[in-house]
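Secondary and tertiary structure notes
Letter by letter, the chains look like this.
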Amino acid sequence: MKISFHGAARDVTGSCYLLECAGTRILIDCGFFQGGRELEEDNADDFGFDPVTINYLLLTHAHLDHCGRIPLLVNRGFKGEVITTAASRELARLVMLDSAGLQEEEARYLNRRAQRRGRDVAEVEPLYTVLDALNALEYFGRVAHYNQPLQLAPGIRVNFIDAGHILGSACIVLDLTEGNQQRRILFSGDIGMSARPILRDPATPPHAEVVIMESTYGDRQHKELQPSIEEFYAAITSTLRRGGNVVIPTFALERAQEILYYLHAGKEQGVLPDALQVFLDSPMAISATQIFKRHPECYDPETAELFRTGRDPFAFRGLHFTRETAESMAINRIGSGAVILAGAGMCTGGRVRHHLKHNLGRHQCSIVFVGFAAQGTLARQIVDGAKIVKIFGEDYAVHAQIHTIGGFSAHAGQTELLAWHRQTGNPKTTFLVHGEEACMAAFGRLLHDTRVEMPKGQQSYQL
């Protein structure tokens, strides 16, 4: 038995791990690298393994940094079976098609710019196309149901358990037999927070000999949820008093829906003005919200009861879904009184950059960050206090109020990560992944009665 690490190794994005057992090769996730130009170039590099030889791909959840390179994997020869939950299957389709469309659009833009400047350069090709993404969907096979094991091959059984991170997210448990050797391997995926609205809490993990564990927030706690909600409402009301707009860079999956939930609650409670205009300016987030409504099997009891009684928490007066480009552009003519949710959450692409152009330089406005910002992203530059940032190649001054509200994170904080790990029963080895190196090292020092490894990219281990 052998495991190798081909992404999210001493980094937060690009999750991709290869497990080999008894002649079967199993990939756990195949995600996009996100951040600076160097990481973007990593997406086009060799995977570190031959896609043709992969028998199965097990997908923990549908965030881009976990599923974003599946079309490229198929394009380069993967012929195996992709297995994930029903909700993740729907969301992954949405994410991969959106990613492919953005790459095609970016390639067209770069080629037009080169032509205008008279440059004689090779034509830019997208990493993969919409057709590649559609082709990849053909390899999605069996649907995994929580706590219902599947047999992959002789001596290899897999079980998906609820990770409570986003809709359909899962921790993956593999029971392996090779000769007279038996191992239980547990991949955490991304672990969610407990006692949050919409989704159930993360399930209790089983004991395992080997744990591959995320460590995104391994060095710190999140703010408490209720103070975070109050801070969120205060940021909105103070901005309205100043006569500005609120721009919220929003991840389309889970975060957008959670923010809609709290905006709805704020209006119902009278904390936010009933006349407040909210724009969900993200075609992907709009589609994801519709997908959320189709998967009540993932809801916590409170949210399930809301839907059962006909009270949709994702719909309220003053909410506008803006799919069309013209509708998005019209928002920028609104000088005050608008809350604008737009992707991408790390400001690496999507419509949010246009809204930042129009609002970042205005003292009356606020930019509210409610999610993780990786090193090298525009979001991280703003959060870290940059006074001038580049958007579409031009410099923009930062005069708006900047709010970073950590309590909305879909990732478990340090205390919950430690509690989750304790439930795995003192594994022989714990591999820390999906975290910046300093966070990972800090978290590793807190783990006892287990050998801690922090693998580098392409590093492999015998199990």
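This one's a predicted model, so the numbers in the text were calculated from it and none came from an experiment. (Residues numbered from 1 in each chain as written. Predicted model: local features only at pLDDT ≥ 70, side-chain atom pairs only at ≥ 80, totals over all residues. Heavy atoms only, no water.)

**Details of the pattern of salt bridges**
Side chains that carry opposite charge are capable of pairing whenever their charged atoms lie near each other. This is how the line gets drawn: In the sections that follow, a salt bridge refers to a side-chain nitrogen of Lys or Arg positioned within 4 Å of a carboxyl oxygen of Asp or Glu. Helix and strand definitions follow DSSP, with helices as H or I runs of at least four residues and strands as E runs of at least two, each counted in order from the N terminus. Each residue is assigned to one of three classes by its accessible area relative to the maximum for its type, calculated with a 1.4 Å probe on protein chains only: buried under 20%, partly exposed between the two thresholds, exposed over 50%.
With the rule as written, the count across this model stands at 20 salt bridges. E81 is the partner of R142 in a salt bridge, and the nearest nitrogen-oxygen pair spans 2.9 Å. Remark: E81 occurs in strand 5 (residues 81-85) and R142 occurs in strand 6 (residues 140-144); sequence separation between them is 61 residues. Classification of R142 by relative accessible area gives partly exposed; the value is 31%. On the basis of relative accessible area, E81 is assigned to the buried category, the value being 17%. Between R451 and E453 there is a salt bridge; the shortest N-O distance is 3.1 Å. Each of the salt bridges in this network shares a partner with another, and the network as a whole consists of R196, E254, R255 and E258.

**Quick look at the pairing of strand 15 (residues 338-342)**
Definition in use: For two strands to pair, DSSP has to find at least two bridges joining them.
With five of five residues buried, strand 15 is to be regarded as a mostly interior element. Residue alternation in strand 15 divides its side chains into two sets, A338, I340 and A342 and V339 and L341, and both sets are buried. In this sheet, strand 15 lies alongside strand 13 (residues 277-281) in parallel orientation, the contact comprising five bridges. Bridge pairing links Q277 to A338 in strand 15.

**With respect to helix 13 (residues 414-422)**
For an α-helix, the turn length of 3.6 residues means that residues three or four places apart are oriented alike. Just so we agree on the cut-off: Note: the arc covers the axis-to-C-beta directions of the helix.
Among the residues making up helix 13, those that are buried are Q414, L417, L418, W420 and H421. Taken down its axis, helix 13 places every buried residue within 160° of arc, on the same side.

**Regarding the nonpolar core**
Applicable threshold: Residue types Ala, Val, Leu, Ile, Met, Phe, Trp, Tyr and Cys, when buried and joined through side-chain atoms within 4.5 Å, form a set referred to as a nonpolar core.
Formed by 73 residues in total, the largest nonpolar core has its most connected members in F232 and L263. If one sorts the elements of this core by residue count, helix 4 (residues 86-116) sits on top with eight residues. Ranked by size, the runner-up nonpolar core spans 33 residues in total, among them A144, L150, F160 and Y461.

**As for the sheet that holds strand 11 (residues 210-214)**
We apply this condition: Angles here are taken between N-to-C directions and fall from 0 to 180 degrees, while the axes themselves are lines fitted to C-alpha atoms, restricted in helices to the stretch in contact. Whether two residues are in contact is decided by their heavy atoms, any of which lying within 4.5 Å being enough.
Strand order in the open sheet formed by seven strands is 7-8-9-10-11-20-21, with mixed pairing between adjacent strands. Each edge of the open sheet is held by one strand with a lone partner, namely strand 7 (150-153) and strand 21 (451-453). Between one strand axis and the next, the sheet turns by 20° as a mean value, whatever way the strands run. One ladder, built from three bridges, connects strand 7 with strand 8 (residues 156-162); its direction is antiparallel. Each bridged residue has a counterpart across the sheet, and for A153 the counterpart in strand 8 is I156. Relative to the sheet, helix 13 contacts strand 9 (170-178), strand 10 (181-187), strand 11 and strand 20 (429-433), its axis offset from that of strand 11 by approximately 165°.

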